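A closer look at the structure
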Amino acid sequence: MGRSITIASGKGGVGKTTITANVGIALAMSGQRVLMVDADIAMANLSLLLQMQNSPITLHEVLIGEASVEDAIYSGPKGVDFIPSGLSLESYRSADSQRLKGVIEAVEDNYDFVLLDAPAGIERNVMSSLGSSKQVLLVTLPNSPSLADALKTKMVAERLMSKPFGVIINMMRGEKGELAKDEIMKMLELPCYGVIPYDPEVRKTFILKDSKPIILRKPNSPAGKAFQLTAAKLSGQEVKFDEVKRQGFLAKLLSIFKKKPEKKSTEANKK
Ligand SMILES: Nc1ncnc2c1ncn2[C@@H]1O[C@H](COP(=O)(O)OP(=O)(O)OP(=O)(O)O)[C@@H](O)[C@H]1O
Ligand SMILES: [Mg+2]
């Protein structure tokens, strides 16, 4: 039976879309059958990330009742299936997000994982995403405002009978003042399903001309490896998530002084 999971956060910009894309593709790379759904029907960021925003039939048409769900499923990278959302404001306004639950139920048994990228907040479309999946994976940054919003989202999900089962901590920098992994797990009363470091390579995704999720560009980068660990944990493997190493001011200063001189200047000295 398929496992439907909404990736949700409460706070915006914490990495839901990035995590859905990279973990979804990492799961597919490890042999799982995956469907990713751009449930952020107003913004369609996941569709932009996968460059599928101009697909002829999208989730909008399915939620309007003009197309069947099968017609909105496309093949994505590494064998993932994908239901994009469109960019048209008109079709967005006509789409009935209440129909999403039926859409997911119609296809989830064909997959091992169905991942829904939720919008931010706790408005109507978010509720529909949360209520359409059986489970919810929360995303938070290691700070209090983000954690408070994740907690609120957890409570909303429980009321909608969708089970929050884990938390992913994103953009860990190892800086002083960040909440620790254990504090976050204790506050949410949930196990950890990922500690993703802040990685400038991730941010490049939307800047590069040929934008692709980092898992496809640099699978062995720090964030790429972290996404693979989350995929392994979701697949039932025993995974231990380390904190991102805290680098204090002194350590940073030392690392600057310890930097080896560049070869060029050494040769210049010899002359
Ligand atoms: N681990 C990371 N390291 C560096 N940058 C990151 C990381 N995760 C996400 N980002 C960047 O943060 C920004 C927001 O990410 P993303 O769009 O995935 O968040 P979101 O939660 O889906 O946002 P929204 O609430 O608007 O839907 C993007 O520019 C993305 O590249
Ligand atoms: Mg998003």
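See the structure above.
Residues numbered from 1 in each chain as written. Chains lettered and ligands numbered in written order. Predicted model: local features only at pLDDT ≥ 70, side-chain atom pairs only at ≥ 80, totals over all residues. Heavy atoms only, no water.

**Here we look at the packing of helix 5 (residues 100-107) against helix 6 (residues 124-132)**
For the pair helix 5 and helix 6, the least separation of the axes is 8 Å and the interaxial angle reads 30°. Here helix 5 is positioned roughly parallel relative to helix 6, judged by the angle of their axes. Pair helix 5 / helix 6 crosses with right-handed handedness. Facing Leu100, Lys101 and Ile104 of helix 5, the residues of helix 6 in contact are Ser128, Ser129, Gly131 and Ser132. Here the residues of the contact of helix 5 with helix 6 are counted per class, giving 2 nonpolar, 4 polar and 1 charged. (Axes fitted to C-alpha atoms, helices over the stretch in contact; angles between N-to-C directions. Helix = DSSP H or I, 4+ residues; strand = E, 2+ residues; numbered from the N terminus. Parallel < 35°, antiparallel > 145°, perpendicular 65-115°, else oblique. Left-handed = near helix turned anticlockwise from the far one by under 90°. Contact = heavy atoms within 4.5 Å. Nonpolar A, V, L, I, M, F, W, Y, C, P; charged D, E, K, R; others polar.)

**Some words on the nonpolar core**
Residues Ile5, Leu27, Met36, Leu137, Phe227 and Leu234 are the most contacted members of the largest nonpolar core, which totals 37 residues. It is helix 1 (residues 16-29) that provides the largest number of residues to this core, a total of 7 residues. In contact with leucine 137, other than residues within four places in its own chain, are Ile5, Thr6, Ile7, Ala8, Phe165, Gly166, Val167, Ile168, Tyr193 and Leu234. Judged by nonpolar contacts, the second largest core, of 22 residues, contains Val136, Val156, Val167 and Ile169. (Core = buried A, V, L, I, M, F, W, Y, C linked by side-chain atoms within 4.5 Å. Buried < 20%, exposed > 50% of the residue type's maximum accessible area, 1.4 Å probe, protein only.)

**Observations regarding the packing of aromatic side chains**
Within the structure shown, the criterion is met by 1 aromatic pair. For the pair phenylalanine 165 and tyrosine 193, a centre-to-centre distance of 5.1 Å together with 85° between the ring planes defines the contact as edge-to-face. Residue phenylalanine 165 is found in strand 7 (residues 163-172), and its partner tyrosine 193 is found in strand 8 (residues 192-197); the two are separated by 28 residues along the sequence. As far as the burial class goes, phenylalanine 165 and tyrosine 193 line up, both buried. It is arginine 3 that lies over the ring of phenylalanine 165; its NZ or CZ is 4.7 Å from the centre. For the cation-ring pair, arginine 173 lies above tyrosine 198, with the distance from its terminal atom to the ring centre recorded as 3.8 Å. (Phe/Tyr/Trp six-rings, centres within 6.5 Å; stacked < 30°, edge-to-face > 60°. Lys NZ or Arg CZ within 6 Å of the ring centre and 35° of its normal.)

**A few points about the site of ligand 1**
Close to ligand 1 lie 17 residues, the nearest being Gly13, Gly15, Lys16, Thr17 and Thr18. A distance of 3.0 Å is found between a nitrogen atom of ligand 1 and a backbone nitrogen or oxygen belonging to proline 197. A distance of 3.0 Å separates a nitrogen atom of ligand 1 from a polar atom in the backbone of aspartate 199. Elements with a contribution of two residues or more to the shell around ligand 1: helix 1, strand 7, strand 8 and helix 9 (200-203). Ranked by residues supplied to the shell around ligand 1, first place goes to helix 1 with 3 residues. When grouped by side-chain class, the residues that make up the shell around ligand 1 number 7 nonpolar, 6 polar and 4 charged. (Near = heavy atom within 4 Å. Polar contact = N/O pair within 3.5 Å; in protein donor to acceptor, adjacent residues only side chain to side chain.)

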